[in-house]
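Structural features, examined
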Amino acid sequence: MTSLQIIFLATAAATLISSLMVVTARNLVHAALWLIVSLFTVAVLFVLLEAGFLAAVQVVLYIGAIAILIIFAIMLTRRVMQDTGPQTNRQWWLSALIAAALLAALIFTLSQVQYPLSTAGVPDDSLRTLGRALVDPNQYMLPFEVASVLLLVALIGSIVVAGDRK
Amino acid sequence: MIPLSWYLTLAAAVFCVGLYGVLARKNAVAILMGIELMLNAVNINLVAFWHYLTPTLASGQMFAIIVFTVAAAEAAVGLALIISIYRRRNTVVAEEIDLMKW
Amino acid sequence: MDFSQLLSDPIGFIAGLLTGLLTGIGIPEPAARVVLMVIGVIVVASFCLVFPLFLIWFERRIVARMQDRMGPNRVGPQGLLQTIADALKLLTKEDITPIGADKIAYNIAPVLAVVAVISIWAVIPFAHNIVGTDVNVGALYIVSVGSLGTLAIMLGGWASNNKYALLGAFRTVAQLVSYEVPMILSLLVPVILARSMGMNDIVRAQEVWFLVSAPIAALIFFASSVAEVGRTPFDLLEAESEIVAGFHIEYSGMKFAMFFVAEFMHAFTVGALTAILFLGGWRGPFAEQYPILGVIYFMLKAFAGYFFVILLRATLPRIRIDHMLDLNWKFLTPVSLGAVVFTIVADKLIPLGAAPWFRAGVLFLANLLLGWITFWLLSGSARRMRQAEEGGEAGHGEEHGGQAEEHAPAHAPAH
């Protein structure tokens, strides 16, 4: 049991526990806080996978922007009576069954495949390779531009949808 | 060395927890939180595959960045919709927003 | 005992000493490394928590002198122990928790604010080999940790169960999230010039200070960072005369002290970051041979940056929230985007292998060009606004009110 494995097991346990608390917390703001913990543990997993850039982007994007958006939305759409009743709808047992069945199917399928593991490690200049790939016309420049158009559409759309009609 | 299967199992578990959150919760914002968990699980999977199968290419990280972008855009528009619905119908409980049900 | 290594690599020397000590008493090697890392974390965190004692005194004396009064000079020599007296007072205050406050969020918010600031110091290089951890995405890490502070304020405002605190928290988060955009964009300029995101690489690439190569980016980064901290002139979030002191109205005693300490340490961190990114960090004569000199140079430059922050606080009035957001979205963001574009274009035009001074000169000229274009555009739009007002007033004068609207558009385009 190497130290890296111990760190992974601790982080994985934290991720699973916080995800479970997200979907079972009664108070919505507590659920959002647990979501932040879970997003942070995913960033730690990215660091374990030697993708430091993605870990930093995860914290900036998810915790610094999306989680704050979610907390804002919770605070703007609260009704006083809402937090006290049960937070699950009538068919929660069916959902739990479906989720468990899917988990079993996924684990079974994933264990059957022989993955072509690569012997090379992560190169030192993976960040540089990623940067070049983003702007290379033969690689990923088109998805990059499409992603920026998508963000522009989302920006305009959310302002139009949620803006005050005066 | 951490085996690849550990990462894949963790990602599958988080995905299924998110799926339960989407299917079983009443509040629309809570459903959105379940969707974010599912997108995170997908990201863990992508980066794990990148690390173990093709670490010299940029495609794994690129796909993860696109997933980040889509998640951010969808969270923004989804929350805008929820706020707009709350203004009209004064509720965000998914069961009570049933005007178009037959 | 190789004392020459103590001068050239103090951290390595101390680490070697401690590792020898720990393995000598029987602890295995990997555990000794972990213990050393924990000790390093404790050292950095303690520095970040104890240093504000000096910073607060420094600020109070300087603000007082700028306001033509003395400042704290009774407690201890030159008033240096004043902050300790204040901290003791805050410790002994009653710790009131409002009814209906969410206990977990209420208690976590100040802790998160302090943690967010301390974590920035993990990647700041004091000398070329005295750095907490040299990650290759240091600049992005600083942005990500800074956004944790935003979260802390949001939680603090909501957990207080006070509508005014919540309103103050909303406005604060709007300001902080808006000002992250020009901060990140202007942070890109040193990253482009240094070809790397690591903080030590950025310092090493500054043979000519980036203040010369990118003055506009430096100013925008400094202004946005001051707004991120929430200092005057952007401090309507927490000033006593604004919406009942904003998000920390319900905090008393040590929790308030933690918000306070986090703010002062963050202000000094802004000075330190400006020093690293634009003033050359630890660079100076003989900084490579004797890292202790690098630490001294870095501290001097960081204090220069902090002095500028204090100067802004003592001299500028507060600006309103709508002016503040206008300033951000209509001025800082486009200009910082322009700075990035101009820097990239100018950098591509410089032939490879040119001397550093030549490169800095060309980039400085590119910045001057951007500044001139910005000024030309702003003065043009100011002229148009002035003429629209004058056209409206002339119309008022002739027609005594009534048909002023018909005449004003006729005057405005008569450029």
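Cut-off values and rules
Residues numbered from 1 in each chain as written. Chains lettered and ligands numbered in written order. Predicted model: local features only at pLDDT ≥ 70, side-chain atom pairs only at ≥ 80, totals over all residues. Heavy atoms only, no water. Helix = DSSP H or I, 4+ residues; strand = E, 2+ residues; numbered from the N terminus. Rg over C-alpha atoms; globule rule 2.2 N^0.38 Å. Buried < 20%, exposed > 50% of the residue type's maximum accessible area, 1.4 Å probe, protein only. Contact = heavy atoms within 4.5 Å. Areas by Shrake-Rupley, 256 points an atom, 1.4 Å probe, with all protein chains shown as cover. Buried area = accessible area lost by both parts, 1.4 Å probe. Salt bridge = Lys/Arg side-chain N within 4 Å of Asp/Glu carboxyl O. Polar contact = N/O pair within 3.5 Å; in protein donor to acceptor, adjacent residues only side chain to side chain. Phe/Tyr/Trp six-rings, centres within 6.5 Å; stacked < 30°, edge-to-face > 60°. 1 Å grid on protein atoms, 1.4 Å probe; cavity = no way out; pocket = protein on both sides within 12 Å on 5 of 7 lines; lining within 4 Å. Points joined across faces, edges and corners; volume = space filled by probe spheres on them. Nonpolar A, V, L, I, M, F, W, Y, C, P; charged D, E, K, R; others polar. Domains from an automatic or database assignment. Axes fitted to C-alpha atoms, helices over the stretch in contact; angles between N-to-C directions. Parallel < 35°, antiparallel > 145°, perpendicular 65-115°, else oblique. Expected span 1.5 Å × (residues − 1). Bend = angle between axes of the 7 residues up to and from the residue. Arc of directions from axis to C-beta.

**Re the overall build of chain B**
Of regular secondary structure, chain B possesses 3 helices and 0 strands. In terms of overall dimensions, chain B is more spread out than a globule: its C-alpha atoms have a radius of gyration of 17 Å, far above the 13 Å expected for 102 residues. Based on the C-alpha atoms only, the size of chain B along its principal axes is roughly 50 × 25 × 20 Å. Here chain B holds 102 residues, and 62% of them are scored as buried. In chain B, 58% of the contacts between residues at least 6 apart in sequence involve partners at least 24 apart. Counting only carbon and sulfur atoms, one obtains 70% of the accessible surface of chain B, whose full area is about 4,000 Å².

**Remarks on the interface of chain A and chain C**
Each partner contributes to the interface: chain A provides 21 residues, whereas chain C provides 21 residues. Together chain A and chain C conceal approximately 1,800 Å² of surface at their shared face, both sides included; 82% is due to carbon and sulfur atoms. Of all residues in chain A, Ile68, Phe72 and Met75 of chain A bury the most surface against chain C, accounting for 28% of the area lost on that side. Viewed at the interface, chain C and chain A are joined by 0 salt bridges. Seen at the junction of chain A and chain C, the total is 0 residue pairs in polar contact (both at pLDDT 80 or more).

**Topic: the packing of aromatic side chains**
All names here are of chain C. Considering all chains together, one arrives at 29 aromatic pairs over all chains under this definition. Taking 5.3 Å as the distance between ring centres and 75 degrees as the angle between the ring planes, the aromatic pair formed by Phe126 and Phe298 counts as edge-to-face. Here Phe126, found in strand β1 (residues 125-127), pairs with Phe298, found in helix α12 (residues 291-315); they are 172 residues apart in sequence, far enough to count as distant. Accessibility assignment for this pair places Phe126 and Phe298 in one class, buried. Between Phe268 and Phe303 the ring centres are 5.1 Å apart and the planes differ by 55 degrees, which places this aromatic pair in the tilted class. With Phe268 in helix α11 (residues 254-278) and Phe303 in helix α12, the pair connects residues that are 35 residues apart, well separated along the chain. There is no split in this pair, since Phe268 and Phe303 are both buried. In this structure an aromatic cluster arises from ring pairing among Phe47, Phe51, Phe54, Trp57, Phe58, Trp121, Phe126, Phe268, Phe298, Phe303 and Tyr306.

**Here we look at empty space enclosed by the protein**
All names here are of chain C. For the coordinates displayed, the defined rule picks out 4 cavities of 30 Å³ or more. Approximately 170 Å³ is the volume attributed to the largest cavity. Lining the largest cavity are 18 residues, and of these Ile142, Met183, Ser225, His266 and Leu273 sit closest to its centre. For the lining of the largest cavity, the elements supplying multiple residues, two or more each, are α6 (138-159), α7 (163-194), α10 (215-229) and α11.

**Considering the interface of chain A and chain B**
Contact with chain A, which involves 82 residues of that partner, is made by 71 residues of chain B. Carbon and sulfur atoms make up 77% of the surface buried where chain A meets chain B, a total of about 6,900 Å² over both sides. Linking chain A with chain B are 0 salt bridges, by the criterion used here. On inspection of chain A and its partner chain B, the count reaches 7 residue pairs in polar contact (both at pLDDT 80 or more). Every element with two or more residues in the side of chain A that touches chain B is listed here: α1 (3-24), α2 (28-48), α3 (52-76), α4 (92-112), α5 (126-135) and α6 (141-162) of chain A. The class makeup of the residues in the side of chain A that touches chain B is 58 nonpolar, 19 polar and 5 charged.

**Structural notes on the pattern of salt bridges**
Residues and elements named next belong to chain C. This model, assessed by the stated rule, comprises 7 salt bridges over all chains. One salt bridge in this structure joins Arg195 and Asp347, with 2.7 Å as the shortest N-O distance. Highlighted residues: Arg195 in the loop between α7 and α8 (199-204) and Asp347 in helix α13 (residues 321-349), separated in sequence by 152 residues. Exposure remark for Asp347: the relative accessible area of 10% places this residue in the buried category. A salt bridge links Arg320 to Asp322; its shortest N-O distance comes to 2.8 Å. Arg320 sits in the partly exposed class, given a relative accessible area of 48%. What you see here is one network of salt bridges that share partners, running through Arg195, Asp347 and Arg359.

**Things to note about the arrangement of the chains**
Between all 2 pairs of chains that are in contact, chains A and B come out with the most contacts. A gap remains between chain B and chain C, with no contact made and the closest C-alpha atoms lying 14 Å from each other.

**Side note on the domain arrangement of chain A**
Here the domain parsing of chain A yields domain 1 (1-82) and domain 2 (132-166). If you average the C-alpha positions of domain 1 of chain A and of domain 2 of chain A, the two centres end up 25 Å apart.

**Some remarks on the environment of Ala12 of chain A**
All names here are of chain A. Locating Ala12 in the fold gives a position in helix α1. Using a relative accessible area of 9% as the deciding quantity, one classes Ala12 as buried. In this structure, the C-alpha to C-alpha distance between Ala12 and Val42, residues 30 residues apart in sequence, is 8.5 Å.

**Describing the packing of α6 of chain A against helix α3 (residues 59-89) of chain B**
Between α6 of chain A and α3 of chain B, the shortest axis-to-axis distance is 9 Å and the interhelical angle comes to 10 degrees. As far as their axial angle goes, α3 of chain B and α6 of chain A are roughly parallel. Here α6 of chain A contributes Pro143, Ala147, Leu150, Leu151, Ala154, Ser158, Val161 and Ala162 of chain A to the contact with α3 of chain B, which in turn contributes Ile66, Thr69, Val70, Ala73, Ala76, Val77, Ala80, Leu81, Ser84 and Arg87 of chain B. When the residues that make up the contact of α6 of chain A with α3 of chain B are grouped by side-chain class, the tally is 14 nonpolar, 3 polar and 1 charged.

**A closer look at α13 of chain C**
Residue and element names in this part refer to chain C. Compared with the 42 Å implied by 1.5 Å per residue over 29 residues, the 41 Å span of α13 between its first and last C-alpha is a close match. Remark: the principal bend of α13, roughly 30 degrees, maps to Asn328. For α13, every residue scored as buried is listed here: Met324, Asn328, Leu332, Thr333, Val335, Ser336, Gly338, Ala339, Val340, Thr343, Ala346 and Asp347.

**Examining unusual backbone geometry**
Backbone geometry places Glu50 of chain A, a non-glycine residue, at a positive phi of 60 degrees. Within the secondary structure layout, Glu50 of chain A lies in the loop between α2 and α3. Accessibility expressed as a relative area gives 44% for Glu50 of chain A, which makes it partly exposed. Phi is positive for Asp68 of chain C, close to 65 degrees, though the residue is something other than glycine. Among the residues examined, Asp68 of chain C registers a relative accessible area of 71% and is labelled exposed.

**Section: helix α4 (residues 82-91) of chain C**
All names here are of chain C. Gln82, Thr83 and Leu90 are the residues of α4 that are buried. Angularly, the buried residues of α4 cover 95 degrees about the axis, an arc narrow enough to put them on a single face. In α4, the exposed positions angled more than 90 degrees off the buried face are occupied by Leu88 and Leu91. Buried-residue contacts for α4 involve α3 (29-66) and α11.

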